[in-house]
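Spelled out, the chains give:
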Amino acid sequence: MRRRSPVPPSPLPQRDGVDPVRVRLPFDGAWETVRDHLVERLAAGAGVIDGMLAAGLVVGADGRTVAADAAYVPGMYVWFHRELPDEVPVPFPLEVVYRDEHIVVADKPHFLATTPRGGHVAQTALARLRRELGIPALGAAHRLDRLTAGLVLFTVRPEERGAYQSLFRDRVVRKEYEAVAPYRAELELPRTVRSRIEKERGVMAAREVPGEPNAVSRVELAGQRGSLARYRLLPSTGQTHQLRVHMDALGVPILGDPLYPVVTGPVPAGDFRRPLQLLARVLEFTDPVTGHRHAYRSGRTLLAWSAYDEWAGDERAQ
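Everything in this summary refers to the structure shown in the same document. As the structure is a computational prediction, the values presented were derived from the model and not from experiment.

Below, the discussion takes up the environment of Val 18. Within the secondary structure, Val 18 sits in the segment before strand E1 (21-24). Classification of Val 18 by relative accessible area gives buried; the value is 3%. Excluding residues within four positions of it along the chain, Val 18 makes contact with His 81, Arg 82, Leu 84, Val 121, Ala 122, Ala 127 and Arg 130.

Below is the structure:
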């Protein structure tokens, strides 16, 4: 059995708060050059890879540029900076609720992704906080959907990240969400919803399927105003889109949801109207490093509840 060697530190600095891409060459490969492997592995195309190599943008662990004809070495690491997508800035503030030498708790706005993924790279909460706070090693302990606003926990020290991530894995974090959705008088609340949710890669929406439940949510009515209601949601598991799927299954899909009950067309870049009315309101946990008890509450409001006409209109809203 091959022993795992430690990953060498990146020879390249971050760019705009975004880490360089790291690629390890497989041990079981028949490529003749590093270039051949990168062309096959990456979706950028041969011309792009050749251009990066010619410009000296691909480096090894020693920081030296990788030549276009460099021989393939199994297990070798190479780094390069991805070409950042042309992103429309998310024009809403990212508030820091708490910060110490171990963690940062931020109150994320709607439309801002938590971590770099797909077409959202520099315009993410992680990259923005790294730039604004000057903490290059900052990492996310968990994630919120891009369309969901509210509290997110970040870690300052990479060696401590696993301890904080385990809080979410072991379900010892108390999370409370708030949502605005249609009111149904016949819907008996409070209730606990249990189902099995699966999310297929490449498919935008998750779905409930038969089988052992892996998603549990408590749903409570927090207020009612005409045809709308405000709901308190307490998930005890963390499946992808869990609250959105469960609310839709109850017949009260969350306002502004582009996936449930129907997948709509993509929203044009820069369209920040009618955000999903889902907010991670409360985050409580015992610090695994310091033993301190943390309890935070988002200061954001759901616009469809406080000013429905403004949310439903054509004005840009947070």
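Don't stop here, the text continues.
Here we take up the pattern of salt bridges. Summed over the entire model, instances satisfying the criterion amount to 22 salt bridges. Arg 281 is the partner of Glu 178 in a salt bridge, and the nearest nitrogen-oxygen pair spans 3.2 Å. Residue Glu 178 is found in strand E8 (residues 174-182), and its partner Arg 281 is found in strand E13 (residues 278-286); the two are separated by 103 residues along the sequence. Assigned by exposure class, Glu 178 and Arg 281 land together as buried. Where Arg 232 meets Glu 220, a salt bridge forms, and the shortest distance between an N and an O atom there is 2.9 Å.

What follows covers the sheet that holds strand E3 (residues 77-80). The strand order across the open sheet formed by three strands is E1-E3-E2, and the pairing between neighbours is antiparallel. Only two strands of the sheet have a single neighbouring strand rather than two, namely E1 and strand E2 (59-60). Pairing between E2 and E3: two bridges, direction antiparallel. Of the residues in E3, the one forming a bridge with Gly 60 is Val 78. Strands in contact with helix H1 (residues 34-41) are E1 and E3; relative to E1, the strand with the most contacts, it is inclined by about 115°.

Here we come to the nonpolar core. Of all hydrophobic cores here, the largest spans 37 residues; its most connected members are Leu 138, Phe 154, Tyr 231, Leu 233, Met 247 and Leu 278. Secondary-structure elements contributing two or more residues to this core are strand E5 (103-108), helix H3 (125-133), strand E7 (149-155), E8, strand E12 (228-235), helix H5 (242-249) and E13. With four residues, H3 is the single largest residue contributor to this core. Setting aside residues up to four positions removed in sequence, Leu 138 forms contacts with Val 104, Leu 126, Leu 129, Arg 130, Phe 154, Thr 155, Val 156 and Arg 161.

In the segment running from Leu 189 into Pro 190, the intervening peptide bond is cis, with an omega of 0°. On the secondary structure map, Pro 190 appears in the loop between E8 and strand E9 (191-198). Cis peptide bonds are those with omega within 30 degrees of zero, and the linkage from Tyr 260 to Pro 261 qualifies with 10°. Relative to the helices and strands, Pro 261 is located in the loop between H5 and E13. The phi dihedral of Asp 16 is positive, around 55°, even though this residue is not glycine. Within the secondary structure, Asp 16 is located in the segment before E1. Unusually for a residue other than glycine, Arg 171 sits at a positive phi of about 60°. Residue position: Arg 171 is located in the loop between helix H4 (161-169) and E8.

Take a positive patch on the surface next. There is a patch of like positive charges on the surface, built from Arg 117, Arg 143, Lys 199 and Arg 201. Its place among the elements puts Arg 143 in the loop between strand E6 (139-140) and E7.

Glancing now at the pairing of E1. Covered by surrounding structure in E1 are Val 21 and Val 23 only, the residues Arg 22 and Arg 24 on the alternate face being uncovered. Of the strand pairs in this sheet, E1 and E3 are connected by four bridges, and their pairing is antiparallel. Residue pairing for E3: Arg 24 is matched across the bridge by Tyr 77.

What follows deals with the packing of H1 against helix H2 (residues 46-54). For the pair H1 and H2, interaxial distance at closest approach is 9 Å and the crossing angle is 140°. Here H1 lies oblique to H2, going by the angle between them. As for the relative orientation of H1 and H2, their crossing is right-handed in sense. Here Arg 35, Leu 38 and Val 39 of H1 come into contact with H2, specifically with Ala 46, Ile 49, Asp 50 and Leu 53.

Given two aromatic rings, one states the distance between the centres and the angle between the planes to describe the pair. Throughout the structure, instances matching the rule amount to seven aromatic pairs. A ring pair is formed by Phe 92 and Phe 272, whose centres lie 5.7 Å apart and whose planes are at 75°; its orientation type is edge-to-face. Here Phe 272 lies in the loop between H5 and E13 and Phe 92 lies in the loop between E3 and strand E4 (95-99), a separation of 180 residues in the sequence. Exposure remark for Phe 92: the relative accessible area of 8% places this residue in the buried category. Centroid distance Tyr 308 to Trp 311: 5.7 Å. Interplanar angle 40°. Geometry classified as tilted. Taken together, the positions of Tyr 308 and Trp 311, both in helix H7 (residues 308-312) and three residues apart, correspond to about one turn of that helix. Connected via pairs of aromatic rings, a cluster forms that spans Phe 92, Phe 111 and Phe 272.

Calculation notes
Residues numbered from 1 in each chain as written. Predicted model: local features only at pLDDT ≥ 70, side-chain atom pairs only at ≥ 80, totals over all residues. Heavy atoms only, no water. Helix = DSSP H or I, 4+ residues; strand = E, 2+ residues; numbered from the N terminus. Buried < 20%, exposed > 50% of the residue type's maximum accessible area, 1.4 Å probe, protein only. Contact = heavy atoms within 4.5 Å. Salt bridge = Lys/Arg side-chain N within 4 Å of Asp/Glu carboxyl O. Pairing = 2+ DSSP bridges. Axes fitted to C-alpha atoms, helices over the stretch in contact; angles between N-to-C directions. Core = buried A, V, L, I, M, F, W, Y, C linked by side-chain atoms within 4.5 Å. Patch = residues over 30% accessible without salt bridge, like charges linked within 9 Å, V, L, I, M, F, W, Y side chains within 5 Å. Areas by Shrake-Rupley, 256 points an atom, 1.4 Å probe, with all protein chains shown as cover. Lys, Arg positive; Asp, Glu negative; His and termini not counted. Charge placed at Lys NZ, Arg CZ, Asp CG, Glu CD. Parallel < 35°, antiparallel > 145°, perpendicular 65-115°, else oblique. Left-handed = near helix turned anticlockwise from the far one by under 90°. Phe/Tyr/Trp six-rings, centres within 6.5 Å; stacked < 30°, edge-to-face > 60°.

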